[in-house]
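Residues per chain, in single letters:
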Number of protein chains: 2
Amino acid sequence: MHAAVLRYFDHVARHGSIRKAADALSVASSAVNRQILRLEDEMGVTLFERGRSGVRPTAAGELLLRHVRETQNEYQRTRAEIASLGGTVSGDVRIISLESMLVRFLPQVVDEMSARHPKVTFTVLAVHPSEIGEALRSGDNDFGVLFVDARHRGVDVIAEFPTSVGALMRPDHPLAGRKSLTLTECVGHPVVMLQDRWLLDAIMAMEFAGSGARLSPRVVSNSIEFMRQVIRSGLGIGFFTPIGFIDEIRRGELVHVPLVEPGLAQSRIGILVPRYRRLSPPARLMINHISERLGAFADFLAAPPRRPKRRGRT
Amino acid sequence: MHAAVLRYFDHVARHGSIRKAADALSVASSAVNRQILRLEDEMGVTLFERGRSGVRPTAAGELLLRHVRETQNEYQRTRAEIASLGGTVSGDVRIISLESMLVRFLPQVVDEMSARHPKVTFTVLAVHPSEIGEALRSGDNDFGVLFVDARHRGVDVIAEFPTSVGALMRPDHPLAGRKSLTLTECVGHPVVMLQDRWLLDAIMAMEFAGSGARLSPRVVSNSIEFMRQVIRSGLGIGFFTPIGFIDEIRRGELVHVPLVEPGLAQSRIGILVPRYRRLSPPARLMINHISERLGAFADFLAAPPRRPKRRGRT
DNA sequence: CGGTGTGCTGCTATTTCGGCATCACCCCGC
DNA sequence: GCGGGGTGATGCCGAAATAGCAGCACACCG
């Protein structure tokens, strides 16, 4: 429905090059070039600065770019809404997430949603904490499953759940019997650490650094899967939210002891949506589903993991 | 830049007929028809119900229509924003207004703005009070200069000014010397009245009706210009905000005595914008200018003509 | 100095689009 | 019943917009 020049313009801006954009679009570069020139003529201003190694949007180009991308996003959302009139929910749901949610939680939720609504597609991306703000505001994503951070602006938290960040260890670890722990109590026990600023949010990094606790990292990695194996081998304690390890905890292979550090106790995982963004029907369904599943986990964690009795939902 | 089918689709919905829309667009009806058919094929749903006497949007059509119109509005706003980068402000400012503002106030403001920014065009419409909500929410208009009414939802009041609704009369009228009046004090004096629900807002109609004051209307009309002449002839008292008669008041040809009826004292004229609407640069300028001029009038009315004082406002 | 990258531009083929005439249908008034 | 005027849909054809190909001019780099 929308003119091809919208896609061309968007791609050129993304690739920073007319030829690369044309390549990605599978059209001749001359076609893309002429559309851009015609567009500039229509607008009466230059939209790209021509450099020796490509093009870069001018101020006017940025403005028009915002309009073009918003139009494309709204078009997709409108199509999904129209399709949902016929009873079948369809469209693409775009989620940005904490890495820890990508390990167990979101795959399961996506699987369930996908079975229930076969025509819905999913795009789930892990984002670097520094890019969260831009990723939410750009309009490219529907919502995020992230740590709630008051520093985010222009973002609404439409559901949040307490997460007990805690020490993850084998059941035969000396500290495994404790009901709760402080970081200082962990001093002396070997720990496994995450790579800086990734996986765990910057808030937690600050808390760990500011607590004054001297933890001796035996293993450092940025792979949660690697960490999982390391902790199961008994090489040390890991500090995580339990969500990525829910299966091991249920099976009794790992024990999660909540930390009672004052700052960490308030950690919350929330569903964050860009303010003023209209959500597509599948996005709304997905949010409902994630909320439900997160609530179930919160219930499970509130009840002692000794007895793996099922709380409520299926 | 945008595909022609957007305009076609919008016009067809507005006119309720493909042929009429094609006529308004100055294209053959077959062209418009084919574009609509192609659009429906692309969407996979019927967008119009074909009736005996034209077409009517289906639910899916309404959804797409909203997207199309929003896209067109945002495009105009974006163009104005790009144009303002070059220093010259341009674009169309769409205002809905009280009729009383159209008589003296807005023409003057438009004239001043038009002189300062020659490339800005203006669309100023008087709207029936019952249509204010829709007119603001439809996205077709930038803002309204209207009585502030708490019943409006989804609308932000970004500036408001007290208006002293009062009795308008010749200087030689028996009541002309008063500092203030109540409606009951006007009983016995002939008055000229406005036609119901028009010009004066519904609030005021309620107030007039509920005050129990029995006023004898000698002349009833819906034309402010006609009222102006009638009052100047001394046929009676009129009840208006002074804005439409500011020239006569300044020249001493008419006197405006504020009413102290409890409900009426709180009347305010405000600049109302649809919530979440991004304003184009000329619209912002126009709002600033109107605010300034309204503030000047408020000052003029607060202090007798001999001593004009300024209240801070830019 | 050629090699590779960039954006731009004639030329030509193809696709799309618009205009005209026409058809089929429906409703209303005579 | 029967035109007349209204509607949207279609076939045909010319015009306009678009895309593809090849090539140009320029800038960088080793």
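Read on for a plain summary of the structure. Bear in mind that the values here come from a model prediction, so they are computed numbers and not experimental data. (Residues numbered from 1 in each chain as written. Chains lettered and ligands numbered in written order. Predicted model: local features only at pLDDT ≥ 70, side-chain atom pairs only at ≥ 80, totals over all residues. Heavy atoms only, no water.)

Quick word on the overall build of chain A
If you tally the helices and strands in chain A, you get 12 helices and 12 strands. Burial analysis of chain A (314 residues in total) assigns 48% to the buried set. Contacts spanning at least 24 positions in sequence make up 76% of the contacts within chain A whose residues lie at least 6 apart. A total of about 15,400 Å² of accessible surface is found on chain A, and carbon and sulfur atoms cover 49% of it. (Helix = DSSP H or I, 4+ residues; strand = E, 2+ residues; numbered from the N terminus. Buried < 20%, exposed > 50% of the residue type's maximum accessible area, 1.4 Å probe, protein only. Contact = heavy atoms within 4.5 Å. Areas by Shrake-Rupley, 256 points an atom, 1.4 Å probe, with all protein chains shown as cover.)

So, the relation of the copies chain B and chain A
For these two chains of identical sequence, chain B goes onto chain A by a turn of 179° and a shift of 0.1 Å along the axis, with RMSD 0.2 Å. Taken together, the rotation angle and the small translation identify this as a two-fold axis. Closest approach to the rotation axis among the C-alpha atoms of chain B is made by B:Ala3, whose C-alpha sits 2.5 Å away. Mapped onto chain A, 100% of the interface residues of chain B are again interface residues, and the two copies thus contact each other with one and the same surface. (Least-squares fit on C-alpha atoms with pLDDT ≥ 70 in both.)

Quick look at the interface of chain B and chain A
Taken together, the 28 residues of chain B in the interface contact 28 residues of chain A. Summed over both sides, the interface of chain B with chain A buries roughly 2,700 Å², with 63% coming from carbon and sulfur. Our count for the contact surface shared by chain B and chain A stands at 4 salt bridges. With a closest N to O distance of 2.4 Å, A:Glu70 and B:Arg278 form a salt bridge. (Buried area = accessible area lost by both parts, 1.4 Å probe. Salt bridge = Lys/Arg side-chain N within 4 Å of Asp/Glu carboxyl O.)

Points about the protein's contact with DNA strand D
Not every one of the 22 residues close to DNA strand D is listed here, only the nearest: A:Ala28, A:Arg34, B:Ile18, B:Arg19 and B:Asn33. Sugar and phosphate atoms constitute 57% of the interface atoms of DNA strand D, taking the interface as everything within 4 Å of the protein. Between DNA strand D and B:Arg50 there is a distance of 2.9 Å, counted from a phosphate oxygen to a side-chain nitrogen or oxygen. Those elements that provide at least two residues to the surface near DNA strand D are helix H3 (29-43) of chain A together with helix H2 (18-25), helix H3 (29-43) and strand E2 (54-57) of chain B. In terms of residue class, the surface near DNA strand D is built from 7 nonpolar, 6 polar and 9 charged. (Near = heavy atom within 4 Å. Polar contact = N/O pair within 3.5 Å; in protein donor to acceptor, adjacent residues only side chain to side chain. Nonpolar A, V, L, I, M, F, W, Y, C, P; charged D, E, K, R; others polar.)

Re the environment of B:Glu185
Residue and element names in this part refer to chain B. On the secondary structure map, Glu 185 appears in helix H8 (residues 183-186). Taking the C-alpha atoms as reference points, Glu 185 and Leu 259, separated by 74 residues in sequence, lie 10.0 Å from one another. Beyond its immediate stretch of four places on either side in the chain, Glu 185 contacts Leu 175, Arg 178 and Ser 180.

Focus on the nonpolar core
One finds A:Met1, A:Phe9, A:Leu64, B:Met1, B:Phe9 and B:Leu64 to be the most contacted residues of the largest nonpolar core, which totals 51 residues. Breaking this core down by element, the ones donating at least two residues are helix H1 (4-15), helix H2 (18-25), H3 and helix H4 (59-85) of chain A together with helix H1 (4-15), H2, H3 and helix H4 (59-85) of chain B. The dominant element in this core, judged by the number of residues it contributes, is H4(A), at 7 residues. Leaving out residues up to four positions away in the same chain, B:Met1 has contacts with A:Ala3, A:Val5, A:Leu6, A:Leu39, A:Glu42, A:Met43, A:Leu64, A:His67, A:Val68 and B:Tyr75. (Core = buried A, V, L, I, M, F, W, Y, C linked by side-chain atoms within 4.5 Å.)

Topic: the sheet that holds strand E5 (residues 143-147) of chain A
Residues and elements named next belong to chain A. Sheet architecture is open: 5 strands sit in the order E4-E3-E5-E12-E6, paired in mixed fashion. Here the strands that pair on one side only, and so sit at the sheet edges, are strand E4 (120-126) and strand E6 (155-162). Direction aside, the axes of adjacent strands within the sheet are offset by 20° on average. One ladder, built from 7 bridges, connects E6 with strand E12 (residues 268-274); its direction is antiparallel. Across the sheet, Val 157 pairs through a bridge with Leu 272, a residue of E12. Strands in contact with helix H6 (residues 105-116) are strand E3 (91-97) and E4; relative to E4, the strand with the most contacts, it is inclined by about 170°. (Pairing = 2+ DSSP bridges. Axes fitted to C-alpha atoms, helices over the stretch in contact; angles between N-to-C directions.)

Points about unusual backbone geometry
Located in the positive-phi region is A:Ser26, a residue other than glycine, with phi close to 60°. The residue A:Ser26 is located in the loop between H2 and H3 in this model. Under the relative-accessibility criterion, A:Ser26 is labelled exposed at 65%. Notably, B:Tyr276 is not glycine yet its phi reads approximately 70°, a positive angle. Looking at the element boundaries, B:Tyr276 is found in the loop between strand E12 (268-274) and helix H12 (281-302).

Description of the packing of H1(A) against H4(A)
In a pair of packed helices, the angle between the axes and the distance between the axes together describe the arrangement. All names here are of chain A. Look at H1 against H4: their axes get within 10 Å of each other, and the N-to-C directions meet at 120°. Here H1 lies oblique to H4, going by the angle between them. Crossing angle aside, the handedness with which H1 passes H4 is left-handed. Contact residues: Leu 6, Arg 7, Phe 9, Asp 10, Ala 13 and Arg 14 in H1; Gly 61, Leu 64, Leu 65, Val 68, Arg 69, Thr 71 and Gln 72 in H4. Residues of the contact of H1 with H4, tallied by class, amount to 6 nonpolar, 3 polar and 4 charged. (Parallel < 35°, antiparallel > 145°, perpendicular 65-115°, else oblique. Left-handed = near helix turned anticlockwise from the far one by under 90°.)

What about the pattern of salt bridges?
Within the structure shown, the criterion is met by 40 salt bridges over all chains. One salt bridge connects A:Arg278 with A:Glu74, and the closest N-O pair in it is separated by 2.9 Å. Taken together, the residues span a long stretch of sequence, with A:Arg278 in the loop between E12 and helix H12 (281-302) and A:Glu74 in helix H4 at a distance of 204 residues. For A:Arg278, a relative accessible area of 31% puts it in the partly exposed group. In this structure, the salt-bridge partner of B:Asp142 is B:Arg277, at a minimum N-O distance of 3.0 Å. With B:Asp142 in the loop between helix H7 (132-137) and strand E5 (143-147) and B:Arg277 in the loop between E12 and H12, this pair connects stretches of sequence that are 135 residues apart. In this structure, a network of salt bridges that share partners links the residues A:Arg66, A:Glu70, B:Glu74, B:Arg77, B:Glu81 and B:Arg278.

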